[in-house]
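So the chains spell out like this:
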Amino acid sequence: MDRPTGTSTTGLALVVIDMINTYEHEDAELLVPSARRVVPVLAELIGRAREADTPVIYANDNFGLWRSHHGELVDAALARPHADLIEPIRPDDESLFVVKARHSVFYETPLSYLLWRLGAGHVVLSGQVTEQCVLYSALDAHIRHLEVTVPKDAVASIHPHLESAALEMMERNMGARITTAKEIDFAHPGEGRGA
């Protein structure tokens, strides 16, 4: 069976969780400052993944708009007051997109199959919210025997004290590698900075 465009040559995939966001939900006012710090780091991380031909997969809530496709979700987010948080990290024509309904990027989505088709056994989880969707996605990746890396400066939180606990849980209980975005080398994951 042919693999889709964007096949991972290093076994890695970058997953961007819930960053296509209108920020019109409960706790948004607590999340926005953290997202504002993360966006420049995440934009650079996405850029490096694209340069290394590492698949970039956006896994995103659909805001309850079950008839929408990913382009409409991006347009809706760009039309809201926090478009400046979306523009630097918006999907390009090579990006892959998975719509999710619950916290985990794996719950009732085709992500496991997509990763298999891409030849990716290692996911770099980024996005928001660290203590919710990133944490639950890391657990689901772990039970699927995927390697997990979480760049702590490329994930946003609502509650910083819960973010610290979530990162510790991912490292301790799920074997996730907690690192910084700059330490991730998409082109040579087994050398130097690693992934």
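Everything below is about the structure printed above this text.
Residues numbered from 1 in each chain as written. Predicted model: local features only at pLDDT ≥ 70, side-chain atom pairs only at ≥ 80, totals over all residues. Heavy atoms only, no water.

S.K.: What is the right way to look at the pattern of salt bridges in this model?
M.R.: Pairing between side chains of opposite charge can happen when their charged atoms approach one another. This model, assessed by the stated rule, comprises 9 salt bridges. For the salt bridge of E44 with R48, the shortest nitrogen-to-oxygen distance reads 2.7 Å. With E44 and R48 both in helix 1 (residues 28–51), this residue pair falls 4 residues apart, about one helical turn. Given the relative accessible area of 30%, E44 is considered partly exposed. Exposure remark for R48: the relative accessible area of 15% places this residue in the buried category. (Salt bridge = Lys/Arg side-chain N within 4 Å of Asp/Glu carboxyl O. Helix = DSSP H or I, 4+ residues; strand = E, 2+ residues; numbered from the N terminus. Buried < 20%, exposed > 50% of the residue type's maximum accessible area, 1.4 Å probe, protein only.)

S.K.: Explanation requested: the packing of aromatic side chains in the structure shown.
M.R.: What characterises a pair of aromatic rings is the spacing of the ring centres plus the angle enclosed by the ring planes. The final tally for this structure, using the stated rule, is 2 aromatic pairs. An angle of 10° between the planes, with centres 6.4 Å apart, marks the rings of Y58 and F97 as stacked. In this pair, Y58 sits in strand 2 (residues 56–61) while F97 sits in strand 3 (residues 96–100), placing the two residues 39 residues apart along the sequence. Both residues of the pair, Y58 and F97, count as buried. (Phe/Tyr/Trp six-rings, centres within 6.5 Å; stacked < 30°, edge-to-face > 60°.)

S.K.: Any chance you could explain the layout of surface pockets here in plain terms?
M.R.: Rolled over the atoms, a probe as big as a water molecule pinpoints where empty space is left. Approximately 440 Å³ is the volume attributed to the largest pocket. Contributing to the lining of the largest pocket are 23 residues, with D18, N21, H25, D61 and Q132 lying nearest its centre. Split by residue class, the lining of the largest pocket holds 9 nonpolar, 7 polar and 7 charged. (1 Å grid on protein atoms, 1.4 Å probe; cavity = no way out; pocket = protein on both sides within 12 Å on 5 of 7 lines; lining within 4 Å. Points joined across faces, edges and corners; volume = space filled by probe spheres on them. Nonpolar A, V, L, I, M, F, W, Y, C, P; charged D, E, K, R; others polar.)

S.K.: What's the story with the nonpolar core in this structure? I'm lost.
M.R.: Across soluble globular proteins, nonpolar side chains have a tendency to be buried as a group. Ranked by internal contacts, the top residues of the largest apolar core, which has 34 residues, are L14, V16, Y23, L42, L45, I46 and F186. Among the secondary structure elements, those contributing two or more residues to this core are strand 1 (12–17), helix 1, strand 2 and helix 2 (70–78). Among the elements that make up this core, the one with the highest residue count is helix 1 (10 residues). If sequence neighbours within four positions are ignored, Y23 has contacts with A28, L31, V32, A35, H82, L85, I86 and Q128. Counting 31 residues, the second largest nonpolar core, distinct from the first, contains F106, C133, V148 and L167. (Core = buried A, V, L, I, M, F, W, Y, C linked by side-chain atoms within 4.5 Å. Contact = heavy atoms within 4.5 Å.)

S.K.: Sorry if this is basic, but what is going on with the pairing of strand 3 here?
M.R.: Note on strand geometry: in a regular strand, side chains alternate between the two faces of the sheet. Burial within strand 3 is extensive, with 4 of its 5 residues counted as buried. Both strand 2 and strand 3 contribute to a ladder of 5 bridges, which runs parallel. Bridge assignment links D61 to a residue of strand 3, and that residue is K100. (Pairing = 2+ DSSP bridges.)

S.K.: In this structure, what is going on with helix 5 (residues 160–174)? I would like to understand it.
M.R.: Every α-helix winds through 3.6 residues per turn, so residues three or four apart in the chain are directed the same way. Compared with an ideal rise of 1.5 Å per residue, which puts 15 residues at 21 Å, helix 5 spans 20 Å between its outermost C-alpha atoms and is within 8% of the ideal. Looking at helix 5, one finds that the buried residues are E163, A166, L167, M170 and M174. Down the axis of helix 5, the sector holding all buried residues measures 100°, keeping them to one side. The outward face of helix 5, more than 90 degrees from its buried face, is lined by the exposed residues H161 and R172. Close packing links the buried residues of helix 5 with helix 4 (130–143), strand 5 (147–151), strand 6 (155–156) and strand 7 (177–179). Positive phi appears at G175, one or two residues downstream of helix 5, with a value of about 65°. (Expected span 1.5 Å × (residues − 1). Arc of directions from axis to C-beta.)

S.K.: Sorry if this is basic, but what is going on with helix 3 (residues 111–118) here?
M.R.: Of all the positions in helix 3, only L111, L114, L115, R117 and L118 are classed as buried. Viewed end-on, helix 3 has its buried residues packed into an arc of 160°, placing them on one side of the element. Buried positions along helix 3 lie against strand 1, strand 2, strand 3 and strand 4 (122–128). One or two steps after helix 3, the chain reaches G119, where phi turns positive at roughly 75°.

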